[in-house]
Amino acid sequence: MAEFSNIDIKFLAGVGPKRAEILKKEAGIATYEDLLHYYPYKYIDRSKTYKISEIDGNFPYIQIEGEIIKFEEVGTGRAKRLCAIFTDGTGIVELVWFQGAKYIADRYSLRTRYTVFGKPALYGNKVTIAHPEIDKPESINDKQCSLQGYYGTTETMKRKFLNSKAISRIIDNLFKSLRAPIYETLSVDVVQKCNLININDALRNIHFPKSNEDLKRASFRLKFEELFYIQLNILRYMKLRERSLNGFKFPCVGNLVNTFYKESLPFELTGAQKRVIKEIRADMGSGKQMNRLLQGDVGSGKTLVAVMSMLIAADNGYQACIMAPTEILATQHYENIKRLLSNIDVRIALLTGSTKKSERDRIDEELRNGTLNFIVGTHALIEESVVFKNLGFVVIDEQHRFGVEQRSKLWKKNSQPPHILVMTATPIPRTLAMTLYGDLDVSIIDELPPGRKPISTILRFDTGAAKVYEGIRKQLQAGRQAYIVYPLIKESEKSDLKNLEEGYELLKKIFKEYNVCMIHGKMKSAEKDAEMQKFASGEAAIMVATTVIEVGVDVPNASVMVIENAERFGLAQLHQLRGRVGRGAEQSYCILKASHKLSSDSRKRLDIMCKTNDGFEIAEADLKLRGPGDMEGTQQSGMAFNLRIANITRDSQILQLARDTANDILDEDPDLSMPTHLILKIKLDKLFKRIVNFGLVG
Ligand code: ADP
Ligand code: MG
């Protein structure tokens, strides 16, 4: 068989240039290969034909066989429709079309046997099926396919008669036009070892399964393949890096760490913090370059882990930097770290977009000559003008805000790449982490510092506003502070800003005796900082804000987080926002305000928030509700994340098998240079050629 994969879809029988255009635009189907991999999203069993007399309210779909007795047009204007009276001798069903009456009446004749398939609707004793599928009984038996696949279509596609059925037909044409089996896309050893069916059978059976068993094996094979290549790609680079890169070796835990541990540590480390620091120390001492992801829920104390690791670098004569996604956060890290290290003999500076020129020159100079040990900053750190004398360790906070390329730029700040610690407070379920960050080792802080009371989360509908204000007042009277957060989304920016400002005015009126400050992304950064400062110092009791405060801001005295229009936020975001309170020893509250009219998904999200404080549990639920494509971090991850058939949540066992298999292959044949593995290499290069690889140092 010729290499058909790149053949333009327009050459296929039943397609042509016009439909090809639509298929390309609407469904991304441009070639034969694209079409073969356009899988059904569901299947309906058509193995059984029922009698009309058997129809009751329990059938989502039904297949019947009989004849049309007559056609009639009923109704006028918009309600005009074509009806066909259909019978199989046991009863009558009315078939209804709201569009295309002329076409239908021409196409089907009276007194001819048809198989009719569709969604039955019952009105009293009358059964109707709107826009049914009608076939000659022979044509159904001919295919012998009892499970009918349904394909995703758009309105535009349907208008041009490219409905699910039409797609099924052109796929059938494609298979008929093939003169030889489709080439295998996995190596023989993988197919055998994992007991997979071949690609030819898998593709045929995913489109036209004859039984559930067929379908299961086909879908297993295709899911496996999809996940396998992702894992093979990740692991290939990870192993390459391990082989080719030496890391700086930090053998000693010296004076700085010891002094800090004995004299400056404001509290006892949690067990989890101790464990993670040990893991980091082992990496740094190993001679390999560390690439570690540190996951820990909001408030779990990641900063301290970062600081102690930075001290290890300094003890070994290296500089360290910590990069944060926003100026507010960078500033706060800087202040915190400076305070923590006030008795320790290290020099530290802050570098952001708004650092003054003179200050900046001084910093540049001191980074070059090595007088500065540590630097905290934003993206400004990545700029080429920033040159270190000897950068040995990089901390990246809140990873999901940074793109892959930014990460790799930091690698290049020394002749040998520094050790990297990526910290994230958005817990990622294990299965997703394996797919997304499969090239990073993972450490987890799964324990909060002692004495924290779980935040109590309450759902309040808009009508309960008075109660919410009362609750806030109680907390303010007890000397605490409150955040009120409004959504601010690009698409509705104007009205959102207005809501925010109106909210601000209202709160100033309601809480006359307190200062209220406001912060949103449209403000200049100096303005933002001033407002933030008012809240941090306690001068303002209430902070009205957008999600700019979502990340990292730490005011332990704040005990109330009110989230307006909570239904408009995603779960990860809600959890991050809630994490701004509950940082002190006091009982804290999170009030989710929502309108009564909630979609069932929104309701589920808010219920989960009320039920648990556990970030991992929330992340799992989020993944289930939204699917991985939408998870924060996946877009910027630099990974092709368009899974066609596998589902990270449901297929974690297949994922594990795929990863283990890929791992074994690479252990045996790291460059995929064995003849049996040639096919893997070719496929891999084709799949991932456009993807930046952050595992590879340029
Ligand atoms: P996150 O993991 O969200 O970045 P932080 O590092 O900001 O969390 O820590 C949250 C708060 O907990 C900070 O106020 C910090 O000082 C405090 N903290 C960190 N570790 C401990 C500990 N072992 N015991 C008590 N408090 C701690
Ligand atoms: Mg933090």
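Residues numbered from 1 in each chain as written. Chains lettered and ligands numbered in written order. Predicted model: local features only at pLDDT ≥ 70, side-chain atom pairs only at ≥ 80, totals over all residues. Heavy atoms only, no water.

### Structural notes on helix H13 (residues 327-340)
Across its 14 residues, H13 extends 20 Å between first and last C-alpha, which sits within 8% of the 20 Å expected from 1.5 Å per residue. Of all 14 residues in H13, ten are buried; the element is thus mostly enclosed. Listed as buried for H13 are Glu327, Ile328, Leu329, Ala330, Gln332, His333, Tyr334, Asn336, Ile337 and Leu340. Of the residues that open H13, the one with a side-chain oxygen 3.1 Å from the backbone nitrogen of Leu329 is Thr326. (Helix = DSSP H or I, 4+ residues; strand = E, 2+ residues; numbered from the N terminus. Expected span 1.5 Å × (residues − 1). Buried < 20%, exposed > 50% of the residue type's maximum accessible area, 1.4 Å probe, protein only. Polar contact = N/O pair within 3.5 Å; in protein donor to acceptor, adjacent residues only side chain to side chain.)

### Description of the domain arrangement of the protein chain
By the assigned domains, the protein chain splits into domain 1 (1-46 + 148-180), domain 2 (48-145), domain 3 (255-445) and domain 4 (456-612). Look at where the C-alpha atoms of domain 2 and domain 4 centre, and you get two points 55 Å apart. (Domains from an automatic or database assignment.)

### Description of the pattern of salt bridges
All chains considered together, the criterion is met by 37 salt bridges. As a salt-bridge pair, Arg292 and Glu279 come within 3.8 Å of each other at their nearest N and O atoms. Of this pair, Arg292 sits in strand E10 (residues 291-296) while Glu279 sits in helix H11 (residues 271-285), placing them 13 residues apart in sequence. Given the relative accessible area of 9%, Arg292 is considered buried. The partner of Asp283 in a salt bridge is Arg292, and the shortest N-O contact between them spans 2.8 Å. Salt bridges here are not isolated pairs; linked through shared partners, they connect Glu184, Arg221, Glu225 and Lys683. (Salt bridge = Lys/Arg side-chain N within 4 Å of Asp/Glu carboxyl O.)

### Some points on the packing of helix H21 (residues 600-611) against helix H22 (residues 615-626)
Closest axis-to-axis distance for the H21/H22 pair is 10 Å, and the angle between their directions is 170 degrees. What the angle tells us is that H21 and H22 run roughly antiparallel. Where H21 approaches H22, its residues Asp601, Lys604, Arg605, Ile608, Met609 and Lys611 are matched on the opposing element by Glu617, Ile618, Ala621 and Leu625. Classifying every residue of the contact of H21 with H22 by side-chain character gives five nonpolar, no polar and five charged. (Axes fitted to C-alpha atoms, helices over the stretch in contact; angles between N-to-C directions. Parallel < 35°, antiparallel > 145°, perpendicular 65-115°, else oblique. Contact = heavy atoms within 4.5 Å. Nonpolar A, V, L, I, M, F, W, Y, C, P; charged D, E, K, R; others polar.)

### Focus: the environment of Ala658
Turning to its location among the elements, Ala658 is positioned in helix H23 (residues 652-668). What makes Ala658 buried here is its relative accessible area of 0%. A C-alpha to C-alpha distance of 49 Å links Ala658 and Glu366, two positions 292 residues apart in sequence. Discounting chain neighbours no more than four positions away, the residues touching Ala658 are Phe224, Leu227, Phe228 and Gln231.

### A word on the sheet that holds strand E12 (residues 348-351)
Reading across the sheet, the seven strands line up as E12-E13-E11-E14-E15-E10-E16 and stay open at both edges, with parallel pairing between neighbours. What marks the edges here is a single partner per strand, and that holds for E12 and strand E16 (441-445). Taking each pair of neighbouring strands and ignoring which way they run, the sheet shows an average axis angle of 20 degrees. Where E12 and strand E13 (residues 374-377) come together, four bridges link them in parallel fashion. Counterpart to Leu350 in the pairing with E13 is Val376. (Pairing = 2+ DSSP bridges.)

### Comments concerning the environment of Val276
Among the secondary structure elements, Val276 is positioned in helix H11. Considered as a pair, Val276 and Ile445 are 169 residues apart in the sequence and their alpha carbons are 7.2 Å apart. With sequence-adjacent residues up to four places away left out, Val276 is seen in contact with Leu294, Val305, Ser443, Ile444 and Ile445.

### A closer look at the site of ligand 1
Lining the immediate environment of ligand 1, one finds 16 residues, of which Glu268, Gly299, Lys302, Thr303 and Arg452 sit closest. Ser300 has a polar backbone atom sitting 3.4 Å from an oxygen atom of ligand 1. Thr303 places a polar side-chain atom, nitrogen or oxygen, 2.6 Å from an oxygen atom of ligand 1. Here ligand 1 loses 81% of its free accessible area of 560 Å² to cover by the protein chains. Tallied by class, residues from the shell around ligand 1 come to four nonpolar, six polar and six charged. (Near = heavy atom within 4 Å. Areas by Shrake-Rupley, 256 points an atom, 1.4 Å probe, with all protein chains shown as cover.)

### Brief notes about the sheet that holds strand E18 (residues 481-485)
Read across the open sheet, the six strands follow the order E17-E22-E21-E18-E20-E19; overall the sheet is parallel. For this open sheet the edge positions go to strand E17 (456-461) and strand E19 (516-519), each flanked by a neighbour on one side alone. Each neighbouring strand pair of the sheet contributes to a mean axis angle of 20 degrees, computed without reference to strand direction. Pairing between E17 and strand E22 (residues 589-594): six bridges, direction parallel.

### Let's talk about the confidence of the model for the protein chain
Of the residues in the protein chain, 92% have a pLDDT of 70 or more, and the chain-wide mean is 87. Across residues 690-698 the pLDDT falls below 50, and counting only partners more than four positions away or on other chains, this stretch makes 20 contacts in the model. (pLDDT = per-residue confidence, 0-100.)

### A closer look at the side chain of Glu366
Here Glu366 shows up in helix H14 (residues 357-369). Overall, Glu366 belongs to the buried group, its relative accessible area being 13%. A distance of 2.8 Å separates a polar atom in the side chain of Glu366 from a polar atom in the side chain of Arg347. Each residue touching Glu366, except ones within four places of it in the same chain, is listed here: Gln319, Arg347, Thr371 and Leu372.

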